[in-house]
Amino acid sequence: MPLADELLRLAVAAGATVTTAESCTGGMVAAAITDVAGSSAVFERGFVTYSNVAKTEMLGVAPATLEAHGAVSEEVAREMATGALQAAQATVAVSISGIAGPGGSEFKPEGRVCFGLATTNTVETKTIDFGALGRANVRAAARDEALSLLLTGLRNL
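Let me begin by describing the structure that accompanies this report. Here the structure is a predicted model, which means the values were calculated and not measured.

How each quantity is defined
- Residues numbered from 1 in each chain as written.
- Predicted model: local features only at pLDDT ≥ 70, side-chain atom pairs only at ≥ 80, totals over all residues.
- Heavy atoms only, no water.
- Helix = DSSP H or I, 4+ residues; strand = E, 2+ residues; numbered from the N terminus.
- Buried < 20%, exposed > 50% of the residue type's maximum accessible area, 1.4 Å probe, protein only.
- Contact = heavy atoms within 4.5 Å.
- Phe/Tyr/Trp six-rings, centres within 6.5 Å; stacked < 30°, edge-to-face > 60°.
- Core = buried A, V, L, I, M, F, W, Y, C linked by side-chain atoms within 4.5 Å.
- Axes fitted to C-alpha atoms, helices over the stretch in contact; angles between N-to-C directions.
- Parallel < 35°, antiparallel > 145°, perpendicular 65-115°, else oblique.
- Left-handed = near helix turned anticlockwise from the far one by under 90°.
- Expected span 1.5 Å × (residues − 1).

Thoughts on the overall build of the protein
Then comes step 1: Along the backbone of the protein there are 6 helices and 5 strands.
Then comes step 2: Starting at the N terminus, the α and β elements of the protein follow one another as α-β-α-β-α-α-α-β-β-β-α.
Then comes step 3: Residues classed as buried in the protein amount to 48% of the 157 residues present.
Then comes step 4: Put simply, 63% of the contacts in the protein that link residues at least 6 apart link residues at least 24 apart.

Structure, rendered in structure tokens:
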């Protein structure tokens, strides 16, 4: 995967480490990174936090944030990213929480994915509505977006 190859190259050059906090992708971003030989130089651990309990216990997402905004929200993505950054003692962290499908609601439709990107200096969030592409395609699109966000974070160090 070219994105992961580039990520490894940039992280090594920067002396940086990366981590992931994944929900709807279930570890696909971590798998893409660790598919690249030599990735252990920049990736020590990632977090698959599919349930709200896991988000709270592993990443420190506040129950009040989950209650107020729901798991698929930029607020939760922000707390997931900062929690992963701290827990892994990494340089850059990405988080993903979304509705891969099938299903969704009027307010949170299938294909909506929220992302967080955290470094020691900044935290950014964004939401992308990929649409009802089907579960596998939404997850793949979210994986690629997360890798792109990590690349952006590394370039901006």
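Still more ground to cover, so stick around.
Regarding the packing of aromatic side chains
Then comes step 1: With the rule as written, the count across this model stands at 1 aromatic pair.
Then comes step 2: Ring centres 6.5 Å apart and planes at 85° place the aromatic pair Phe115 and Phe130 in the edge-to-face group. Here the residue Phe115 occupies a position in strand 4 (residues 112-119), and Phe130 occupies one in the loop between strand 5 (123-129) and helix 6 (135-155), the gap between them amounting to 15 residues.

Quick notes on the nonpolar core
What tends to happen in soluble globular proteins is that the nonpolar side chains get buried as a cluster.
Then comes step 1: Formed by 31 residues in total, the largest nonpolar core has its most connected members in Leu7, Val18, Ile33, Ile96, Phe115, Leu150 and Leu154.
Then comes step 2: Counting residues per element, the ones that place at least two in this core are helix 1 (2-14), helix 2 (28-34), strand 3 (92-98), strand 4 and helix 6.
Then comes step 3: For this core, the element with the highest residue contribution is helix 6, accounting for 8 residues.
Then comes step 4: For Leu154, the contacting residues outside a window of four places in its chain are Leu7, Leu10, Ala11, Ala16, Val18 and Val92.
Then comes step 5: Phe47, Val61, Ala88 and Ala90 belong to the second-largest nonpolar core, a separate cluster that totals 14 residues.

Observations concerning the packing of helix 3 (residues 52-59) against helix 5 (residues 74-88)
Then comes step 1: Orientation of helix 3 relative to helix 5, taken along the N-to-C sense of each, is 40°, at an axis distance of 9 Å. The orientation of helix 3 relative to helix 5 falls into the category oblique. Crossing of helix 3 over helix 5 shows left-handed handedness. Taken together, the residues of helix 5 that come into contact with helix 3 (itself represented by Lys55, Met58 and Leu59) are Val76, Glu79, Met80, Gly83, Ala84 and Ala87.

Observations concerning helix 1
Then comes step 1: The terminal C-alpha atoms of helix 1 lie 18 Å apart, and with 13 residues this matches the ideal 18 Å at 1.5 Å per residue to within 8%.
Then comes step 2: Among the residues of helix 1, Ala4, Leu7, Leu8, Leu10 and Ala11 are the ones counted as buried.
Then comes step 3: Residues of helix 1 that are buried in the fold lie against strand 1 (18-22), helix 2 and helix 6.
Then comes step 4: Once helix 1 finishes, Gly15 follows within two positions and takes phi at roughly 65°, a positive value.

That is the geometry; function is a separate question.
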